[in-house]
Amino acid sequence: MLKSSRKPILAPPQAEKEYSVRIYPDQCDGCELCVEFCPVDVLEIDLESYNSRMLHYAKTAKPDDCVGCKQCERLCPTASIFISEKEVS
Ligand code: SF4
Ligand code: SF4
């Protein structure tokens, strides 16, 4: 069999990225900004639970869908939500 001397033009695909969403319920005011602006509906307000200030707070409804845009992190007025990247092989 002939050995090809052609080299790929494009870089090999990078490992897919996944993101983890961390929320601090006691800091959260339940303002829903993160819920409204998440483009893929990862977040929702937990209407069955209260934090230490007797407020409903944000929780992840579909954590695996996070695309790491960090809209939620930038918008949160109480710095209650953080996104971090995890590398998947
Ligand atoms: S980083 Fe983007 S996709 Fe992920 S939860 Fe926040 S707003 Fe949604
Ligand atoms: S934007 Fe911040 S304070 Fe508002 S619901 Fe989301 S996590 Fe809570």
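Residues numbered from 1 in each chain as written. Chains lettered and ligands numbered in written order. Predicted model: local features only at pLDDT ≥ 70, side-chain atom pairs only at ≥ 80, totals over all residues.

Chemist: How would you summarise the overall build of the chain if you had to cite specific residues and measurements?
Modeler: Assigned secondary structure in the chain consists of two helices and four strands. Buried residues in the chain amount to 15% of all 89 residues. A separation of at least 24 residues holds for 63% of the contacts in the chain among residues at least 6 apart in sequence. (Helix = DSSP H or I, 4+ residues; strand = E, 2+ residues; numbered from the N terminus. Buried ≥ 20, exposed ≤ 12 C-beta atoms within 10 Å, placed from the backbone. Contact = placed C-beta atoms within 7 Å.)

Chemist: Summarise the site of ligand 2; cite the residues concerned and give the values.
Modeler: In the vicinity of ligand 2 lie 16 residues, with Cys-28, Cys-31, Leu-33, Cys-34 and Cys-76 positioned nearest. At the level of elements, helix 1 (33-37) and strand 3 (57-60) are the ones that each hand at least two residues to the shell around ligand 2. The residue makeup of the shell around ligand 2, split by class, is 11 nonpolar, three polar and two charged. (Near = placed C-beta within 6 Å. Nonpolar A, V, L, I, M, F, W, Y, C, P; charged D, E, K, R; others polar.)

Chemist: An account of the environment of Ser-80 is needed here, citing residue identities and associated values.
Modeler: Within the secondary structure layout, Ser-80 lies in the loop between helix 2 (71-75) and strand 4 (81-87). You can call Ser-80 buried: it has 22 C-beta atoms within 10 Å. Between the C-alpha atoms of Ser-80 and Asp-26, which are 54 residues apart in sequence, the distance is 8.3 Å. Once you skip the residues sitting within four places of it in the chain, Ser-80 turns out to touch Ile-23, Tyr-24, Gln-27 and Cys-28.

Chemist: Lay out the site of ligand 1 with the relevant residues and their values.
Modeler: Surrounding ligand 1, one finds 15 residues, the nearest of these being Cys-38, Val-42, Cys-66, Cys-69 and Cys-72. Every element with two or more residues in the shell around ligand 1 is listed here: strand 1 (17-23) and helix 2. Residues belonging to the shell around ligand 1 are distributed by class as follows: 12 nonpolar, two polar and one charged.

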